[in-house]
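Now for the letters of each chain:
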Amino acid sequence: MKHAFFAITAMMSLCSFAMAAPPDGAALFQDNCSACHGPKGAGGSAPKLAGDASEWKSKVFERAVLSGIDDHGKPLKAPMPHWKTASFTADNGTAPTKAEVDAIQHYLHTQK
Ligand code: HEC
């Protein structure tokens, strides 16, 4: 029994080593959003996000970023991209994942 426990624990720690590192929200924001939303999401040609959309429920934030619908259910105007039909610079053409969008929101939350 003791052996089985150790075997399972060892397997679990091996699995967590094999898992990809969590997405880097700061780098993703810098590369894909800061040109419009300003350094640290403080605002630029596009609205500030830190202390604003950074505090939305993650589902609402994901919808805004991926589908271009704001917290009131209204479409966001261009040039805000609809990221589900685009790709982050480092992702070679694949659409952003929710984990990446959540990492960006978490980063913005720490900047408010
Ligand atoms: C090319 C410029 C541009 C880029 C790049 C851009 N945005 Fe935007 N974004 C905008 C504009 C402009 C608006 C406001 C649209 C409106 O008011 O209808 C906006 C609105 C938003 C909103 C809604 C804000 C609110 O308070 O209603 C969120 C959330 C958002 N952007 C997140 C992001 C994230 C995250 C990224 C990077 C992955 C990003 N944007 C990249 C231009 C951009």
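Description of the structure in this document. Please read these numbers as outputs of a predicted model, since none were measured by experiment.

### Re the site of the ligand
Then comes step 1: Inspection of the region around the ligand gives 21 residues, with Cys33, Cys36, His37, Lys77 and Met80 positioned closest.
Then comes step 2: Within the backbone of Lys77, a nitrogen or oxygen atom sits 2.7 Å from an oxygen atom of the ligand.
Then comes step 3: Judged by the fraction of its atoms near the pocket grid, the ligand is located in the largest pocket.
Then comes step 4: Going through the elements one at a time, α3 (34-37) and α4 (58-67) are the ones with two or more residues in the shell around the ligand.
Then comes step 5: A per-element tally of the shell around the ligand places α4 first, with three residues.
Then comes step 6: For the shell around the ligand, the residue count by class is 17 nonpolar, two polar and two charged.

### Observations concerning the coordination of the iron atom of the ligand
Then comes step 1: Protein ligation of the iron atom of the ligand involves His37 (NE2) and Met80 (SD), the donor distances falling in the range 2.0 to 2.1 Å.
Then comes step 2: Around the iron atom of the ligand, the six donor atoms are arranged such that angles at the metal cover 88 to 179°; this shape is classified as octahedral. Note that His37 is positioned in helix α3 and Met80 in the loop between α4 and α5 (98-111), a separation of 43 residues in sequence.
Then comes step 3: By relative accessible area, which is 11% here, His37 ends up buried.
Then comes step 4: Overall, Met80 belongs to the partly exposed group, its relative accessible area being 23%.

### Description of the side chain of Gln105
Then comes step 1: Inspection of the secondary structure puts Gln105 in helix α5.
Then comes step 2: Not counting chain neighbours up to four residues away, the residues in contact with Gln105 comprise Ala53, Ser54, Glu55, Trp56, Lys57, Ser58 and Phe61.

### Concerning the environment of Ala42
Then comes step 1: Note on placement: Ala42 falls in the loop between α3 and α4.
Then comes step 2: Judged by relative accessible area, which is 54%, Ala42 ranks as exposed.
Then comes step 3: Each C-alpha atom of the pair Ala42 and Lys112 lies 8.1 Å from the other, and the pair is 70 residues apart in sequence.
Then comes step 4: Apart from the residues lying within four places of it in its own chain, the contact partners of Ala42 are His37 and Lys48.

Reading the values: the criteria
- Counting restarts for each chain: residues are numbered from 1 in the order of the written sequence.
- Two thresholds apply to this predicted model, a pLDDT of at least 70 for residue-level local features and 80 or more for giving and counting side-chain atom pairs, whereas whole-chain, interface and lining totals are computed over all residues.
- Calculation of side-chain values draws on the structure's entire complement of heavy atoms; hydrogens and water are dropped beforehand.
- Near, as used in this document, describes a residue that has one of its heavy atoms within 4 Å of the molecule or strand being considered.
- Pairs of N or O atoms are called polar contacts if they sit within 3.5 Å, as long as, within protein, a hydrogen donor faces a hydrogen acceptor (for residues adjacent in sequence, only side-chain-to-side-chain pairs).
- Here a cavity denotes grid points, spaced 1 Å and computed from the protein atoms alone, that fit a 1.4 Å probe unable to get out, and a pocket denotes an open set having protein on both sides within 12 Å along at least 5 of 7 lines; residues with an atom within 4 Å of a point are the lining.
- More than half of a molecule's atoms within 2 Å of the grid points is what it takes for that molecule to sit in a cavity or pocket.
- Secondary structure elements are defined from DSSP: runs of H or I of at least 4 residues count as helices, runs of E of at least 2 residues count as strands, and each element is numbered from the N terminus.
- Each residue is assigned to one class: nonpolar for Ala, Val, Leu, Ile, Met, Phe, Trp, Tyr, Cys and Pro, charged for Asp, Glu, Lys and Arg, and polar for all the others, Gly among them.
- Keep in mind that water is not among the atoms, so a site may look incomplete; donors are the N, O and S atoms within 2.8 Å of the metal, or 3.2 Å for Na, K and Ca.
- Irregular is the label for any site that misses the other tests, which are tetrahedral for four donors with all angles between 85 and 135 degrees, and square planar for four donors or octahedral for six when opposite donors exceed 155 degrees and the remaining angles lie between 65 and 115.
- Working definition: with a 1.4 Å probe on protein chains only, accessible area under 20% of the residue-type maximum means buried, over 50% means exposed, and in between means partly exposed.
- Whether two residues touch is decided by their heavy atoms; if any such pair falls within 4.5 Å, the residues are in contact.

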